[in-house]
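# Architecture and fold: a report
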Amino acid sequence: MRKSLEDLMKSRGLTASDSNFAEPWEARAFALALSLSESGRLVWDDFRQHLIMEIDEADKDVASGKPGVSYYECWLRALEAVLSATGMADAAEIDSRDLIAANPPTPTKAASAGPIKVA
Amino acid sequence: MSSNDHDDGHGHHAHNAPETGPALRVKALEAVLVEKGLVDPARLDTLIDTYEHKVGPHNGARIVARAWIDPAYKKRLLTEATAAIAEMGYGGPQGEYMTVLENTPRVHNMVVCTLCSCYPWPVLGLPPVWYKSFAYRSRAVSDPRGVLHELGLEIPAEVEVRVWDSSADMRYLVLPMRPPGTENLGEPELAELVTRDSMIGTAVVEYPPRKPPPVAKPAA
């Protein structure tokens with residue numbers, strides 16, 4: 001525990017110009033949750049309860065010497081859980097979109113590729 | 001490419017290079033939500049810009065400086081924090097219920113969110129990585145002096161350390177003590193001295209500053 005706090009001390013050397021987000025996807029995940037909250041589609045406290053659960057799981061891993069998933073991975077999992085629970089987006093829809101994004105059509109096909117729907 | 005293929009701003013991805021892991025997941029998630037009309041990608045861009053460049057500890061620093069200069073404002077800040085903060089034009093998500101904690105020669109206040117990352121966004125921006133870490137969250141309550149020591153701050157034994165857990169609706173802002181020698185500084189110069197960490201309670205305000213204070217400033 002002491003060692004990790006020393007690591008944190010190093011992180012305090014970050015200048016103010018550093019981003020809040022280590023990766024662009026973290027910023028996107030942050031904004032998705034906040035935007036849905038703004039429009040009233042997501043209840044922040046529901047999201048927060050899921051976030052707490054995900055962080056607790058990650059904490060347990062860290063406490064037992066395993067690497068825990070990062071904060072924003074917890075955030076993303078919590079967001080997906082809320083979206084699934086409220087019917088806004090279920091895992092199957094995201095999985096199939098996942099697959100398309102991982103295997104994008106070749107440029108010659110792109111013009112004719114339409115939106116993918118999951119029944 | 002599909003209209004959902006956002007430029008991530010780095011420009012180093014090949015035209016059709018696949019993302020992996022969480023980046024892929026978020027891309028897919030955003031695509032689904034945009035297609036359903038549940039989010040507007042332009043709003044996402046604006047939110048990111050707001051929290052990267054506009055909202056930050058420079059907001060809290062102005063509040064602290066004003067409280068140091070203006071005793072009537074300080075009193076309002078300590079008794080009706082949300083309204084007093086709104087007087088300076090700050091409010092919004094995660095700032096709906098604010099309490100300001102005054103550090104004194106007898107009491108040093110420190111803030112944590114033991115369960116997640118609750119933090120007063122409108123006045124401090126988004127929390128630093130260390131604030132969200134297991135190490136800080138699990139030790140701030142049980143061993144605050146140890147944590148402060150490791151973060152470079154020694155609190156004398158005769159000063160009470162009070163740790164406040166944000167894991168509810170309330171968000172806390174620490175009002176650090178004004179350092180001696182600053183009697184002739186104006187409000188803007190005072191604000192320059194106030195660091196993010198002094199408003200969390202893991203540092204104090206120093207004068208002269210040990211090094212340039214890491215207060216976030218809006219992008220030019």
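Because the structure is predicted, anything quoted here is derived from the model rather than measured.

Tallying secondary structure elements over chain B gives 10 helices and 4 strands in all. Secondary structure elements of chain B occur, N-terminal to C-terminal, as α-α-α-α-α-β-β-α-α-α-β-β-α-α. Within the span of chain B, comprising 220 residues, buried residues form 43% of the whole. Considering only intrachain contacts with a sequence separation of at least 6, the fraction spanning at least 24 residues in chain B is 69%.

Per the secondary structure count, chain A includes 6 helices and 0 strands. Moving toward the C terminus, one meets the helices and strands of chain A in the order α-α-α-α-α-α. Across the 119 residues of chain A, 29% fall into the buried class.

This part is about the nonpolar core. With 78 residues, the main nonpolar core has Ala29(A), Leu32(A), Ala33(A), Trp75(A), Leu79(A) and Val64(B) as its most contacted residues. Inspection of this core shows a minimum of three residues originating in each of domain 1 (21–52) and domain 2 (57–200) of chain B. Contact partners of Val64(B), with chain neighbours within four places excluded, come to Leu175(B), Pro176(B), Val194(B) and Met199(B).

Along its sequence, chain B is organised into domain 1 (21–52) and domain 2 (57–200). Each of domain 1 of chain B and domain 2 of chain B has a C-alpha centre, and the two are 31 Å apart.

Okay, the environment of Val161(B) next. Relative to the helices and strands, Val161(B) is located in strand E3 (residues 160–165). With near-sequence residues (within four places) excluded, Val161(B) lies in contact with His108(B), Met110(B), Pro144(B), Arg145(B) and Ile155(B).

Where helix H4 (residues 71–85) of chain A meets helix H1 (residues 21–35) of chain B, the closest approach of the two axes is 11 Å, and the angle between their N-to-C directions is 30°. With respect to the hand of their crossing, H4(A) and H1(B) are arranged in left-handed fashion. Mapping the contact onto sequence places Glu73(A), Leu76(A) and Glu80(A) in H4(A) and Pro22(B), Arg25(B), Val26(B) and Leu29(B) in H1(B). The residue makeup of the contact of H4(A) with H1(B), split by class, is 4 nonpolar, no polar and 3 charged.

To continue, consider unusual backbone geometry. Residues and elements named next belong to chain B. For the bond running from Tyr207 to Pro208, omega is -5°, close enough to zero to count as cis. Mapping Pro208 onto the fold places it in the segment after helix H10 (196–200). Even without a glycine there, the phi angle at Gln94 is positive, about 70°. Structurally, the position occupied by Gln94 is in the loop between helix H5 (81–87) and strand E1 (98–102). Under the C-beta neighbour-count criterion, Gln94 is labelled buried, with 22 such atoms within 10 Å.

Let's shift gears to the environment of Glu192(B). Its location among the elements puts Glu192(B) in helix H9 (residues 187–193). Considered as a pair, Glu192(B) and Ala168(B) are 24 residues apart in the sequence and their alpha carbons are 31 Å apart.

What follows concerns the confidence of the model for chain B. It should be kept in mind that the predicted coordinates are not to be read in detail where pLDDT is low. Residue and element names in this part refer to chain B. Considering every residue of chain B, the mean pLDDT works out to 90; 87% of them sit at 70 or more. Every residue in residues 1–16 scores below 50 in pLDDT, and together they form 9 contacts with partners more than four places removed in sequence or on other chains. Interface scoring of the predicted complex returns ipTM 0.86; its pTM is 0.84.

Rules used in this analysis
Residues numbered from 1 in each chain as written. Chains lettered and ligands numbered in written order. Predicted model: local features only at pLDDT ≥ 70, side-chain atom pairs only at ≥ 80, totals over all residues. Helix = DSSP H or I, 4+ residues; strand = E, 2+ residues; numbered from the N terminus. Buried ≥ 20, exposed ≤ 12 C-beta atoms within 10 Å, placed from the backbone. Contact = placed C-beta atoms within 7 Å. Core = buried A, V, L, I, M, F, W, Y, C linked by C-beta atoms within 7 Å. Domains from an automatic or database assignment. Axes fitted to C-alpha atoms, helices over the stretch in contact; angles between N-to-C directions. Left-handed = near helix turned anticlockwise from the far one by under 90°. Nonpolar A, V, L, I, M, F, W, Y, C, P; charged D, E, K, R; others polar. pLDDT = per-residue confidence, 0-100.

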